[in-house]
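What follows is the residue order along each chain.
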Amino acid sequence: MKISKINTFFRKAGEAQIRHRWICLIVLLIFTVICLSGMKNFHTTSNNNDWIVNGSEIQINSDHFKDIFGNDQYVLVLVQSQDVFNYEVLSMIDTLGERLESEVPFADKVTSLTTVSIPIGIDGGLEVKSPFEDGIPKDESELQEIKKFILSRESLVNNMVSDDSKETWIILKLHPFEDESTDVVTVGHAAEKIIMDDQFKNSLWTLKPIGSAYTTAEKMDTVSHDFAIRILLGFITMLVCLIVFVRSLRGVIVPFIATMFGIGSVLGFTGLLNIPGDSDLMSLPVLLGMALSIGYALHYINAFKLHFRKTGKRKESVICAVEESGWPILFTVITTVASLLSFMFANIRPMLWLGAVSASVVFMVYTYVVILIPIFMSFGKDKAVKQEANSSYGATKTDLAFYNLGKKLVNRSKAVAVLSVIIIATCIPGLLKMEVNMDYLKFMGSKVPFVHRIEEVLETKLGNIYSYDVMIEFDEQDAFKDPKNMLALESLEEELGKLRLTKISGGKPRVKSITRMVKEMYRVLNDDDAAFYRIPEERDMLTQLLFFYEISDSSSLYDDLTENYDAAHVHVDISDYNANIIVDDIEKAEAFAKKYFPQAKVSVVGTVAENAAMNGAIVISELKSFGSSFIMIAILLIIVFASIRTALIAMIPNLAPVFLIGAVMGYANMALDEVTMMIMPMILGIAVDDTIHFSNHIKYKLERGKSYSEAICETFLEVGKTMGTTTAILCAMFLMYCFSPITAMFRIGLLWIVGLGAALLAGYALTPALIYICRPLGKEKK
């Protein structure tokens, strides 16, 4: 493909654009108004379930679990005191529970020390009720009797209350949400307002709220606040960069307008389509659009200035800028969009959103830049040409410095190639150290206040945030009235308690199911003899116990067992989230369940199980996304250069930043998670921009009779400064992430800067060295 012919096409396009500039502006204005009208409908959302693609087995099982046992999101409050059985503490627990149950939307019921159901012996049998059903006694001796009784219940100690009586839970169970993405935030904010009320502040106790329904709202608030700060800093950085690098009022205002309208039109259009934004990732396409918009504008502006200094003719200089920069910029846009659209091959919905929106933002900011910059630069008068501008071909001292750099690189091209190979080789071991980890706390980081509070809770005896459930379903009713199945459920609990990540409190694993209440009732029915804390082996006795439970507290029974007694679940608390171990634990948990219930359907559900499934999905999605990005860009290069050899040589420098990012993540133990997995394909699309600019200019020079040495040096003269400037702007934009308290955002900033810096160095050194050594762009004209 002849670059000269392509440039001629862009020259004609530039001439037509200047000739009909008012029509172009009016059409663009109408389009902008239509798109921006959708901003009033634009909104963001965040939902952990969005990470799982609809139709996946784990999502189907999780939804089925919710249909049977209700909402699996809770609001929990850890109460810490010298003695939680103190009258004032118990009164506070009771009052706080009542307010949560009556004032929080979707509230179902509260379980706490003052409401927990416990089997109590009565004449002729037993009943399940709260020891505080008649109120909280003020008499200290009565309180001590109740305390002694509760602490004698194995099912409660180190589950509901710690064995030292210094910790206890207030647990708010919720009804199913109508729209989880918004309802969970509403619940969290309502609960926060109550828990933080001055009514519940006292030196006698400390309240530490957690639970997914509570912390999701805190996460949304934190991310939204951080997003606003990153965008504000991005705007400031963009203006500073434009002022520093452009140094003209028109050169600052026009790119700024192009950026705002380009990003706004995409977000507005998604509003018209009622497509919500992803609050966790919202800042990425916005900052990326800002940075690339400035980069595209600078290529046009610098090319215009170079010709304007030489000719003094404004419109002719604009047309020459479009002629020389139009194709390389368009091609970089195509490759960048292609790399972003590679996310569409992933099976993770936020990646689909990010890919589609980011690609749209890149294309739209390009469209606004390519229309507005040439038109507004064409307004004004011509000027006289200075003699020194002609003598140096319109180049500045910086341009000439890059020309000399090109000479040095040509003379040392083999050494540069060898050094590049050595650096890439040192990256490979680090790349192989990369691991996948979906740890929620490590994603946010302990600098975030609510994460720090959760970490404090996890250090307590009762504290926990990670858990999963093993669900067992039979086809026949009353299956769990059969002692054989109930004993099998107990055996399954024992196996799950031995898994590596199962949390241990007071020397006992935190694994629970309906069996604990059955054993408590059987014990009470036999004069509270501890020897009877077991599953009865007679079907009639088991059926009788379950009947007592059903008539006394059916809602609590149905939390663990279905009304038809055909399905039950085992809840497992885990101590920490380790991606590799949790996958192994969950596989073993499912295997144990199938072993003890070969005739039943078994499944492992919960957020931890979903994240475990995501580990594999992330690896597969990363490979699909990066692989498809690489293939699409390679195909585009093959088409443009009309040579497979040339395209493959051009791709080599673009792999360097990917290798370096992987090495940094591996050596620094940075996990590959739902955010960092998106960086490599995006970097590949951005990195190829420098290769395209460099290769196109060199090819154009060769077509005009220059030698490889001359073409490389003159390319450094014309685009070397702009390449460095655009990379500096991109780095400055993503530097804003490095000031975020959220660990994932900091890593995004760091890895982007590493990748962009590596891409620039590869563009300056490896690309010209390979072109000079391999001479892939054709023979020199004699």
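Right above here is the structure, for reference.
Note that this is a predicted model, so its numbers are computed, not measured.

A. Quick look at the overall build of the protein. Broken down by element type, the protein carries 25 helices and 14 strands. Per-residue burial over the protein gives 58% buried out of 782 residues. Sequence separation of 24 or more characterises 80% of the internal contacts of the protein that already satisfy a separation of 6 or more. Approximately 32,000 Å² of the protein is accessible, and the part contributed by carbon and sulfur atoms is 59%.

B. Here's a closer look at helix α2 (residues 21-36). Taking 1.5 Å per residue, 16 residues should reach 22 Å; α2 reaches 22 Å between its end C-alpha atoms and fits that length. Of all the positions in α2, only R21, L25, L28, T32 and C35 are classed as buried. Within α2, the buried residues cover an arc of 95° as seen down the axis, which keeps them to one side. Residues of α2 that are exposed and point more than 90 degrees away from the buried face comprise W22, I23, I26, V27, I30 and V33.

C. Representation of unusual backbone geometry in the model. Notably, N158 is not glycine yet its phi reads approximately 65°, a positive angle. You can see N158 is positioned in the loop between α5 (140-151) and β6 (167-174). Assessed through its relative accessible area of 6%, N158 is described here as buried. With a phi close to 60°, D478 is a non-glycine residue in the positive phi region. One can find D478 in the loop between β9 (466-473) and α17 (483-497).

D. Structural context of the sheet that holds strand β13 (residues 567-574). What the four strands build is an open sheet, ordered β12-β13-β9-β14; its pairing is antiparallel. If you trace the sheet from one side to the other, it starts and ends with β12 (511-512) and β14 (601-605), each paired once. In the packing of α17 onto the sheet, the strands contacted are β9, β12 and β13, and the crossing angle to β13 comes to about 20°.

E. Structural detail: helix α24 (residues 708-735). Along α24, the largest kink reaches about 50° and is centred on V719. Summarising burial for α24: 22 of the 28 residues are buried, a large majority.

F. Quick look at the packing of helix α7 (residues 212-246) against helix α16 (residues 449-458). Orientation of α7 relative to α16, taken along the N-to-C sense of each, is 150°, at an axis distance of 9 Å. Relative to α16, the element α7 lies roughly antiparallel. On α16, the residues touching Y214, T215, E218, K219 and T222 of α7 are F450, R453 and I454.

G. Representation of the sheet that holds strand β3 (residues 107-111) in the model. Strands sit in the order β3-β6-β2-β7 across an open sheet of four strands; the sheet is antiparallel. What marks the edges here is a single partner per strand, and that holds for β3 and β7 (205-210). Adjacent strand axes in the sheet meet at a mean angle of 20° when their direction is disregarded. Where strand β2 (residues 74-81) and β7 come together, six bridges link them in antiparallel fashion. Counted as the bridge partner of V79 is L207 from β7. Packing of α7 onto the sheet brings it into contact with β2, β6 and β7, and relative to β2 it is tilted by some 100°. Across the sheet, α16 is in contact with β2, β6 and β7; its angle to β7 comes to roughly 110°.

H. A look at the pattern of salt bridges. A complete count under the given rule lists 30 salt bridges for this structure. Between K461 and D163 there is a salt bridge, and its shortest N-O distance comes to 2.6 Å. Here the residue K461 occupies a position in the loop between α16 and β9, and D163 occupies one in the loop between α5 and β6, the gap between them amounting to 298 residues. Of the residues examined, K461 reaches a relative accessible area of 35% and is grouped as partly exposed. With relative accessibility at 37%, the residue D163 sits in the partly exposed group. Note that E495 is salt-bridged to K595, the shortest N-O span being 3.8 Å.

I. Layout of the environment of L735. Considering the arrangement of structural elements, one finds L735 in helix α24. Between the C-alpha atoms of L735 and L751, which are 16 residues apart in sequence, the distance is 9.9 Å.

J. Examining the packing of helix α1 (residues 3-19) against helix α23 (residues 679-703) more closely. Two elements in contact, α1 and α23, have axes separated by 9 Å at closest approach and are oriented at 105°. As the angle between them shows, α1 and α23 are arranged roughly perpendicular. Here I3, S4 and N7 of α1 lie close against α23, whose contacting residues are N696, K699, Y700 and E703. Grouping the amino acids of the contact of α1 with α23 by side-chain chemistry returns two nonpolar, three polar and two charged.

Reading the values: the criteria
- Residues numbered from 1 in each chain as written.
- Predicted model: local features only at pLDDT ≥ 70, side-chain atom pairs only at ≥ 80, totals over all residues.
- Heavy atoms only, no water.
- Helix = DSSP H or I, 4+ residues; strand = E, 2+ residues; numbered from the N terminus.
- Buried < 20%, exposed > 50% of the residue type's maximum accessible area, 1.4 Å probe, protein only.
- Contact = heavy atoms within 4.5 Å.
- Areas by Shrake-Rupley, 256 points an atom, 1.4 Å probe, with all protein chains shown as cover.
- Expected span 1.5 Å × (residues − 1).
- Arc of directions from axis to C-beta.
- Pairing = 2+ DSSP bridges.
- Axes fitted to C-alpha atoms, helices over the stretch in contact; angles between N-to-C directions.
- Bend = angle between axes of the 7 residues up to and from the residue.
- Parallel < 35°, antiparallel > 145°, perpendicular 65-115°, else oblique.
- Salt bridge = Lys/Arg side-chain N within 4 Å of Asp/Glu carboxyl O.
- Nonpolar A, V, L, I, M, F, W, Y, C, P; charged D, E, K, R; others polar.

Any functional reading would require information that these geometric values do not contain.
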